[in-house]
Amino acid sequence: NKIFNIRMRAAKGGPHEKGGKHISGGEILANYEDIQKAVNDLVEKALTHSRGNPDFMQIQFEEVQMPVQFLAPLSITANHVLSVREGQQLAMQLLRKCGVPSPSIEKAYELIAQPKNVGMRGAMLLHVQSGERVDNRGEKGVRVSRMDWDAANFEKWAIRQEMPRSARVKEAITLATKVASHPEIVAELCWSDDPDYITGYVASEKIGYQRISKLKEFGDERGFRIFFVKDALNLDSYIHYLEKEPTLLY
Ligand code: PML
């Protein structure tokens, strides 16, 4: 049974490469019979996005040539905090629990504070022991791709877990589960660049998906995704895993 990857990206002010502002993106892994529906769903997602109407959209599909990895979603813990300060302190504490030393966490926050790293669409990969950035992807970062969660399974899961049945939550947990299942990645720290969305998370195989209700103030357009990796030697193989190897949640 062949599997296809269908991807969409939409921007305003022209294509992303020409300086257009990112409006929406998404991807679906589907059987041949479901490609039409996948395309419709992605077009609808782009046309109804809260960030505004796109004037550029690209849809692409291709057969997935590699075997698909099937994973169960990470377990979820909801952490309610009252302030950004409390949320960020909890995030640091969770990173330490995953084995990230304090000086490396400090280095991550130094990178976050640098204006040149604002607006990055992908993730930064940091070496867990030194805290140095090890990917060579500059301001683009590494974009995790080729992953999905069967819609009906996600719905059932979300009801059981009392989680919002939103595309955002579905995509974040799918991504975090794929990332955490790589044996060389010890932790992920993420929060959104959407000014209307302040919940973020720390995730790993060890601690699961730890949602933190407040990691930034409303109105803030700075979002980040950081993966702490054990070893920088096999960088190409991690990046290949993150970008190309297909993962489906069940
Ligand atoms: C959630 O658990 O509510 C999702 C948090 C991260 C969202 C990142 C994004 O905007 O894609």
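Parameters at a glance
Residues numbered from 1 in each chain as written. Predicted model: local features only at pLDDT ≥ 70, side-chain atom pairs only at ≥ 80, totals over all residues. Heavy atoms only, no water. Helix = DSSP H or I, 4+ residues; strand = E, 2+ residues; numbered from the N terminus. Rg over C-alpha atoms; globule rule 2.2 N^0.38 Å. Lys, Arg positive; Asp, Glu negative; His and termini not counted. Charge placed at Lys NZ, Arg CZ, Asp CG, Glu CD. Domains from an automatic or database assignment. Contact = heavy atoms within 4.5 Å. Buried area = accessible area lost by both parts, 1.4 Å probe. Core = buried A, V, L, I, M, F, W, Y, C linked by side-chain atoms within 4.5 Å. Buried < 20%, exposed > 50% of the residue type's maximum accessible area, 1.4 Å probe, protein only. Axes fitted to C-alpha atoms, helices over the stretch in contact; angles between N-to-C directions. Parallel < 35°, antiparallel > 145°, perpendicular 65-115°, else oblique. Left-handed = near helix turned anticlockwise from the far one by under 90°. Nonpolar A, V, L, I, M, F, W, Y, C, P; charged D, E, K, R; others polar. Near = heavy atom within 4 Å. Polar contact = N/O pair within 3.5 Å; in protein donor to acceptor, adjacent residues only side chain to side chain. Areas by Shrake-Rupley, 256 points an atom, 1.4 Å probe, with all protein chains shown as cover.

Moving on, we come to the overall build of the protein chain. Helix and strand content of the protein chain: 6 helices and 12 strands. Relative to the globule expectation of 18 Å for 250 residues, the C-alpha radius of gyration of the protein chain, 18 Å, shows essentially globular dimensions. Along the three orthogonal principal directions, the C-alpha set of the protein chain runs to about 50 × 40 × 40 Å. Treating the 34 positive side-chain charges of the protein chain as one cloud and the 33 negative ones as another, the clouds have centres 2 Å apart.

So, on to the domain arrangement of the protein chain. We note that the domain assignment places domain 1 (3-65) and domain 2 (70-249) within the protein chain. A separation of 22 Å is found between the C-alpha centroids of domain 1 and domain 2. On the side of domain 2, 12 residues touch domain 1, which itself brings 13 residues to the contact. Counting the surface domain 1 buries against domain 2, the share from its top three residues, Glu 27, Leu 29 and Arg 51, is 45%.

Moving on to the nonpolar core. Within the largest apolar cluster, 34 residues are counted, with the highest numbers of intra-cluster contacts made by Leu 125, Trp 157, Ile 173, Tyr 201, Tyr 209, Phe 227 and Leu 242. Where this core is concerned, the elements lending two or more residues are strand S7 (147-149), helix H4 (151-161), helix H5 (167-180), strand S8 (185-191), strand S9 (200-204), strand S11 (224-229) and helix H6 (235-244). Among the elements that make up this core, the one with the highest residue count is H5 (7 residues). If near-sequence neighbours (up to four positions away) are discounted, Ile 173 is found in contact with Pro 73, Ile 76, Trp 149, Trp 157, Met 163, Tyr 209 and Leu 249. Membership of the second largest hydrophobic core comes to 27 residues, among which are Val 81, Cys 98, Ile 105 and Val 186.

Turning our attention to the packing of helix H2 (residues 84-97) against helix H3 (residues 102-113). Contact geometry of H2 with H3 gives a least axis separation of 10 Å together with a crossing angle of 135°. Between H2 and H3, the angle is such that the two are oblique. For the pair H2 and H3, the crossing hand works out as right-handed. Mapping the contact onto sequence places Gln 88, Ala 91, Met 92, Leu 95 and Arg 96 in H2 and Ser 102, Ile 105 and Tyr 109 in H3. Taken together, the residues of the contact of H2 with H3 break down into 5 nonpolar, 2 polar and 1 charged.

Another point: the site of the ligand. The environment of the ligand is made up of Arg 168, Val 169, Ala 172, Ser 192, Tyr 197, Thr 199, Tyr 201, Tyr 209 and Arg 211. Tyr 209 has a polar side-chain atom sitting 2.6 Å from an oxygen atom of the ligand. Between Arg 211 and the ligand, the recorded distance is 2.6 Å, taken from a side-chain N or O atom to an oxygen atom. Surface burial for the ligand is 88%, taken as the share of its 340 Å² of free accessible area covered by protein chains. Of all the elements in the fold, those that place two or more residues in the shell around the ligand are H5 and strand S10 (208-212). Element by element, the count of residues in the shell around the ligand is highest for H5, at 3 residues.

This paragraph deals with the environment of Thr 174. Looking at where Thr 174 falls in the secondary structure, it is placed in helix H5. Along the sequence, Thr 174 and Thr 247 sit 73 residues apart, while their C-alpha atoms lie 8.5 Å from each other. A distance of 2.6 Å separates the side chain of Thr 174 from the backbone oxygen of Lys 170, its partner in a polar contact.

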